[in-house]
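# Structural overview
Chain residues, written in single-letter form:
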Amino acid sequence: MIMSYLWTGMVVVSLLVSLLNGTGANLSSAILEGASSAITLGLSIAGPLCLWSGLAVVMENSGISSFLARVMSPVLQRLFPRSYADSKAANLISANVSANLLGLGNAATPLGIAATRRMKELSSTSYANDELCLLIVMNTASIQLIPTTVAAVRSSLGAASPFDILPAVWLTSLCSVGAGIMAAKILRRFFPHD
Amino acid sequence: MIDLLIPGIMVLVSCISLWKKQDVYSALIKGGENGLRIVFTIIPSLIMLLSAVHMLRSSGAIDEFAGFLYPVFDFLGIPPETAPLMIIRPISGSAALAVGADLMQTYGVNSQIGRTAAIMLGSTETTFYTIAVYFGAAKIEKSRYAIPAALIADFTGFFMASVTTKLFF
């Protein structure tokens with residue numbers, strides 16, 4: 001529903017501003033240009049997106065994500081000490097985090113939901129406990145190692161090396177996940193439910 | 001180094017999978033079909049959103065909005081042109097893709113603004129959508145501080161995207 005308000009807002013504001021500025025003459029050609037550029041964009045990112053989705057399935061089958069999950073688990077154990085006491089929750093959390101790192105969106109969401117359900121079962125409350133909030137924050141702060149869609153957009157617009165943004169993306173992601181975890185740790189003091 | 005990352009992953013992943021006697025090629029095709037389905041679902045929203053974004057840009061509304069926010073963004077060192085992207089990013093993934101692609105096209109993929117937009121897109125997620133999916137599926141009523149903490153992470157990502165653009169390029 002929020003997108004309906006946003007979209008309507010966008011077109012209403014555009015018309016009003018163009019009436020005020022007298023830029024109405026170019027408006028209709030700009031709209032059509034936008035519509036056709038969407039097809040160009042969609043089709044040019046389709047190839048890389050399909051290739052990466054294919055590789056994602058191979059990664060799932062090959063056990064790379066479960067290897068990564070094992071590597072990650074000492075760190076995750078520190079972040080989720082209570083859930084790691086339960087082996088089922090521990091496996092789901094580490095599988096969710098490693099699927100996110102590898103960009104396996106199709107696998108990460110069901111694993112994350114299963115982890116959330118298991119953690120809720122363990123806490124037997126209707127609100128989100130501290131470790132659940134932390135898992136949500138880690139899922140909303142992107143920790144994907146290779147942002148393929150963005151790279152595909154860059155390549156479709158003629159970037160010579162579409163992946164040269166990777167080091168910057170990694171540093172940025174690290175800071176935002178770190179900030180999210182810190183914010184969760186500070187904010188939990190003001191929500192003394194747990 | 002970074003140029004060899006993608007070919008390296010392709011080689012490594014398929015070799016490990018083949019060594020484990022997996023049918024690599026069928027897995028690739030199966031995944032490719034999933035990818036095509038994703039493309040089909042995002043193209044209609046890209047069409048609607050890019051039409052509206054081009055309309056906004058052509059009317060001059062985006063420039064006026066950026067000009068209005070200029071003092072605050074200039075203080076933080078974030079390009080004010082990326083403001084629409086920051087607003088839409090936590091709400092809709094395909095809208096953010098449309099706005100980000102428009103920024104990259106308008107100002108150039110390798111421009112300061114184009115790179116900042118790309119890094120913002122690559123290092124943040126559709127926060128509200130993710131929270132809704134997770135809490136909805138697990139039937140959790142009170143999200144407590146999950147939303148503010150997630151938004152702090154997003155904002156840090158937006159801020160750091162402009163810092164790292166200056167740092168690396």
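Residues numbered from 1 in each chain as written. Chains lettered and ligands numbered in written order. Predicted model: local features only at pLDDT ≥ 70, side-chain atom pairs only at ≥ 80, totals over all residues.

## Focus on the overall build of chain A
Our working rule: To qualify as a helix, a DSSP run of H or I must reach at least 4 residues; to qualify as a strand, a run of E must reach at least 2; elements of each kind are numbered from the N terminus. Here the C-beta atoms are placed from the backbone, and a residue counts as buried if at least 20 other C-beta atoms lie within 10 Å of its own, exposed if 12 or fewer do, and partly exposed otherwise. Two residues form a contact once the distance between their C-beta atoms, set from the backbone, is within 7 Å.
For chain A, the helix and strand inventory stands at eight helices and zero strands. Each principal axis of the C-alpha distribution contributes one length, and for chain A these read about 65 × 40 × 25 Å. A buried classification covers 46% of the 194 residues belonging to chain A. Partitioning the contacts of chain A with sequence separation of at least 6, the portion at a separation of at least 24 is 67%.

## Remarks on the overall build of chain B
Scanning chain B from N- to C-terminus turns up eight helices and zero strands. Along chain B, helices (α) and strands (β) appear in the sequence α-α-α-α-α-α-α-α when read from the amino end. With respect to the principal axes defined by its C-alpha atoms, chain B has extents near 60 × 45 × 35 Å. Per-residue burial over chain B gives 49% buried out of 169 residues. Sequence-distant contacts, at least 24 apart, represent 60% of the contacts inside chain B between residues at least 6 apart.

## With respect to the interface of chain A and chain B
Here is the rule: Throughout this entry, Asp, Glu, Lys and Arg are counted as charged residues, while Ala, Val, Leu, Ile, Met, Phe, Trp, Tyr, Cys and Pro are counted as nonpolar. The remaining residues, Gly among them, count as polar.
Residue-level contacts link 85 residues of chain A with 85 residues of chain B. At the level of elements, α1 (2–21), α2 (27–62), α5 (105–123), α6 (130–140), α7 (148–156) and α8 (166–187) of chain A are the ones that each hand at least two residues to the side of chain A that touches chain B. Among the elements that make up the side of chain A that touches chain B, the one with the highest residue count is α2 of chain A (24 residues). The residue makeup of the side of chain A that touches chain B, split by class, is 50 nonpolar, 29 polar and six charged.

## A short note on helix α3 (residues 64–79) of chain A
Keep this limit in mind: Expected helix span is given by 1.5 Å per residue-to-residue step, counting one fewer step than there are residues.
For α3 of chain A, built from 16 residues, the straight-helix expectation of 22 Å at 1.5 Å per residue is met to within 8% by its first-to-last C-alpha distance of 23 Å. For α3 of chain A, every residue scored as buried is listed here: Ser65, Ala69 and Leu76 of chain A.

## What about the nonpolar core?
Selection criterion: We call a set of buried Ala, Val, Leu, Ile, Met, Phe, Trp, Tyr and Cys residues a nonpolar core when their C-beta atoms link them within 7 Å.
Membership of the largest hydrophobic core comes to 101 residues, with the highest contact counts inside it found for Cys133, Ile136 and Val137 of chain A together with Ala98, Ala146, Ala149 and Ala153 of chain B. For this core, the element with the most residues is α2 of chain A, which contributes 12 residues.

## Brief notes about the packing of helix α6 (residues 112–122) of chain B against helix α8 (residues 146–168) of chain B
All names here are of chain B. In plain terms, the rule: Note on definitions: angles span 0 to 180 degrees between N-to-C directions of axes, and those axes are lines fitted to C-alpha atoms, for helices only across the stretch in contact. Angle categories are assigned with fixed cut-offs, so that under 35 degrees is roughly parallel, over 145 is roughly antiparallel, 65 to 115 is roughly perpendicular, and the rest are oblique. Crossings are assigned a handedness: left-handed for a near helix turned anticlockwise from the far helix by less than a right angle, right-handed for a clockwise turn.
Where α6 meets α8, the axes come as close as 9 Å, and the angle between the chain directions of the two elements is 135°. On the basis of the axis angle, α6 is oblique to α8. The chirality of how α6 crosses α8 is right-handed. Mapping the contact onto sequence places Gln112, Arg115, Thr116, Ile119 and Met120 in α6 and Gly157, Phe158, Ala161, Ser162, Thr164 and Thr165 in α8.

## Some words on the packing of α1 of chain A against helix α2 (residues 24–59) of chain B
Two numbers describe a pair of packed helices, the interaxial angle and the distance between the axes. Running from N to C, α1 of chain A and α2 of chain B point in directions that differ by 25°, and their axes come no closer than 8 Å. Put simply, α1 of chain A runs roughly parallel to α2 of chain B. Both α1 of chain A and α2 of chain B take part in a crossing whose hand is left-handed. Where α1 of chain A approaches α2 of chain B, its residues Trp7, Met10, Val11, Val13, Ser14, Val17, Ser18 and Asn21 of chain A are matched on the opposing element by Met48, Ala52, Met55, Leu56 and Ser59 of chain B.

## Let's talk about α1 of chain A
Owing to its 3.6 residues per turn, the α-helix aligns residues three or four sequence positions apart on the same side. Between its first and last C-alpha atoms α1 of chain A spans 28 Å; for 20 residues at 1.5 Å apiece the expected length is 28 Å, and the two agree. Of the surrounding secondary structure, the elements contacted by the buried residues of α1 of chain A are α2 of chain A together with α2 and α3 (61–76) of chain B. Positive backbone phi, at 70°, marks glycine 22 of chain A, one or two positions downstream of α1 of chain A.

## So, the confidence of the model for chain B
The line we're drawing: Confidence of the predictor at the level of single residues is given by pLDDT, which spans 0 to 100.
On average, chain B scores 93 in pLDDT, and the residues at 70 or more come to 100%. Complex prediction metrics read pTM 0.93 and ipTM 0.92.

## Examining the confidence of the model for chain A
Per-chain confidence: chain A averages 91 in pLDDT, with 99% of residues scoring 70 or above. Confidence, expressed as mean pLDDT per element, reaches its minimum in chain A at α5 of chain A with 90 and its maximum at α8 of chain A with 96.

## Here's the deal with the environment of serine 4 of chain A
Relative to the helices and strands, serine 4 of chain A resides in helix α1. On the basis of neighbour counts, which here come to 8 C-beta atoms within 10 Å, the residue serine 4 of chain A falls in the exposed class.

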